[in-house]
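Reading the structure
Below, each chain spelled out in residue letters.
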Amino acid sequence: MKGNVTAGMTIRFIGQLFLSAFLGIFTALVLMLGASYFYEQVTIIRRVGSFFNDAIGLTATFVLACCIFFIVYIVVLQWRRFRYFGEVTEAIMHISEGNFDDKVPVRQRNELGELASFTNRLVLQLKTSMDEERRAEQTKNELITNVSHDLRTPLTSIIGYLGLIEQDRYRDEVELRHYVQIAYDKSLRLNGLISDLFEYTRMRNNTLPVKNVSLNLVELLSQLLEQYRIPLQQAGLVGELRAQSPKLIVEGEPNKLVRVFENLFSNAMTYGQAGKRIDIRLIQEQGFVVAEINNYGEAIPESDLPYLFDRFYRVDKSRTEHSGGSGLGLAIVKSIVEKHEGTISVSSDQDMTSFQVRLPLATNKESR
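Along each chain, the written sequence defines residue order, and numbers are assigned to residues from 1. Two thresholds apply to this predicted model, a pLDDT of at least 70 for residue-level local features and 80 or more for giving and counting side-chain atom pairs, whereas whole-chain, interface and lining totals are computed over all residues. Remark: hydrogens and water are excluded; side-chain values derive from all non-hydrogen atoms of the structure.

Notes on the sheet that holds strand β5 (residues 288-295)
Whenever strands of a sheet pair, they do so through backbone hydrogen bonds, lying parallel or antiparallel. Quick reminder of the rule: Here, a strand pair is defined by DSSP locating no fewer than two bridges between the strands. The numbering of helices and of strands both runs from the N terminus, where a helix is a DSSP run of H or I of at least 4 residues and a strand a run of E of at least 2. Inter-axis angles, ranging from 0 to 180 degrees, are taken between N-to-C directions of lines fitted to C-alpha atoms, where helices are fitted over the stretch in contact. Contacts are assigned to residue pairs that have any heavy atoms within 4.5 Å of one another.
Ordered in space as β2-β4-β5-β7-β6, the 5 strands form an open sheet in which the pairing is mixed. Only two strands of the sheet have a single neighbouring strand rather than two, namely β2 (238-243) and β6 (343-348). Averaged over neighbouring strand pairs, the angle between their axes works out to 15 degrees when direction is ignored. Lying on the sheet, helix α8 (residues 254-271) is in contact with β4 (277-285), β5, β6 and β7 (353-360); it crosses β5 at an angle near 25 degrees.

As structure tokens, this is what we get:
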């Protein structure tokens, strides 16, 4: 690219030199012929001609005229370029002051036009990088704020109840055990939050490699549904699995995919109890296995759907202690699914809330 630009500039400059030389010689020749024609008729032409002829001679006068007109034509041909160069310089100076929304005008198809185009591309990339850096900084600040808040709540309770124990501010052993149990429960919640945060960070920073094996998603969900049979009964729910085929093979890490569907099952159990059942549907669609986890409880507001997979986002802002989880579950689920080259989406209305997980078929993934 660099060689092409340099060659183009050289060829263009040489062409302008030849053109200016030709025009200079042609203009000087026309001028000399015109002067000789009017030599006897116009006094001033005769005097000027006699002066140059006596001073330097006719040939030198012609050469001098050629040089003068050569310089004039060079300036004329380069004038637009000089003016455009000034515009480009002014625009670059303006952008260098921090006005990254402005652009260098691209008006000529030459090296200056290419320079302006490359500068605009560089400014756009710089602006994009700066915007990403600002978003990353904002994301980091929000993460620190949310983590601090969610860690402080159980930690404050732990310190409070341990303080009561340390000061012997309990009536009997029953109340002591009650305080210890609360502190223990808060510690478990704190540990769960830290574990979720650690796993989410590892997933987002690509430090957690996926060890793929071929597995039958129908069998995996059947076994998981069997493991959840008693918790489902305790929650007053019934789970049912329907699969388009008894074998739908995907490639993935079983433990990670189990984590995905465990989280979706838990959400369905927590927020879909009013519907009395959970339906799991598996179909093959355009080279993907689509797993739908459907519950029939309270609908998710439409305004919350785009943010449901954002970290620390909760539909019900009051669900922060007992039923709201860490706020990282769905964010981790999305990261795991994307690690498996899949996608996850959600839809919700008054009748049903459905999470759709799309994973590539093993045969389709190998063919790609």
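The rest of the description comes next.
Details of the environment of V333
What counts here: For every residue, the accessible area (1.4 Å probe, protein chains only) is compared with the maximum for its type, and the residue is labelled buried under 20%, exposed over 50%, or partly exposed between those bounds.
Tracing the backbone shows V333 in helix α9 (residues 329-339). The exposure class of V333 is buried, given its relative accessible area of 1%. Spatially, the C-alpha atoms of V333 and K256 are 8.8 Å apart, while their sequence positions differ by 77 residues.

With respect to the confidence of the model for the chain
Let me state the cut-off plainly: pLDDT is a residue-level measure of predictor confidence that goes from 0 to 100.
Chain-level statistics for the chain give a pLDDT mean of 80 and a share of 83% at 70 or above. Here residues 317-323 scores under 50 on pLDDT; set against residues more than four positions off or in separate chains, the count is 13 contacts.

Thoughts on α9
Quick reminder: α-helices carry 3.6 residues per turn. Residues three or four places apart thus point the same way. In terms of residue burial, α9 counts as a mostly covered element, since 8 of its 11 residues are buried. Looking at the residues trailing α9, positive phi occurs at E341, about 60 degrees.

Observations concerning the packing of aromatic side chains
What counts, and what does not: Centre distance within 6.5 Å is the pairing criterion for rings of Phe, Tyr and Trp, where only the six-membered ring of Trp is used; planes under 30 degrees apart are then read as stacked, over 60 as edge-to-face, and the remainder as tilted.
For the structure shown, the criterion picks out 4 aromatic pairs. Ring centres of F22 and F26 lie 6.3 Å apart, and the angle between their planes is 15 degrees; on these two criteria the pair is classed as stacked. On the criterion of helical spacing, the pair formed by F22 and F26 is a turn pair, its members being 4 residues apart in helix α1 (residues 2-37). Plain terms: the ring middles of Y161 and Y179 are 5.4 Å apart, the flat faces sit at 50 degrees to each other, and that makes the pair tilted. Taken as a pair, Y161 in helix α4 (residues 111-166) and Y179 in helix α5 (residues 173-204) lie far apart in primary sequence, 18 residues in all. The exposure class assigned to Y161 is partly exposed, which follows from its relative accessible area of 26%.

Examining the side chain of H340
Rules: Nitrogen and oxygen atoms within 3.5 Å of one another constitute a polar contact, given that in protein one can donate a hydrogen and the other can accept it, and given that sequence-neighbouring residues count only through two side-chain atoms.
Topologically, H340 is positioned in the loop between α9 and β6. Residue H340 is classed as buried on the basis of its relative accessible area of 1%. There is a polar contact of 3.0 Å between the side chain of H340 and the backbone nitrogen of E253. From its side chain, H340 meets the backbone oxygen of I336 in a polar contact 2.8 Å long.

Some details on the nonpolar core
Going by this rule: As used in this record, nonpolar core signifies buried Ala, Val, Leu, Ile, Met, Phe, Trp, Tyr and Cys residues forming a set joined through side-chain atoms within 4.5 Å.
Core analysis: the largest hydrophobic core is formed by 47 residues, its most contacted members being L217, L221, F261, L264 and V357. Elements represented by at least two residues in this core include exactly α5, α6 (217-227), α8, β4, β5, α9, β6 and β7. In contact with F261, not counting residues within four places along its chain, are L217, L220, L221, L224, A291, I293 and V357.

With respect to the pairing of β6
Along β6, the buried face is formed by I344, V346 and S348; none of T343, S345 and S347, which line the opposite face, is buried. Pairing of β6 with β7, which is carried by 6 bridges, proceeds in the antiparallel orientation. Opposite S345, over in β7, you have Q356 as the bridge partner. From the end of β6 to the start of β7, which pair antiparallel, there are 4 residues.

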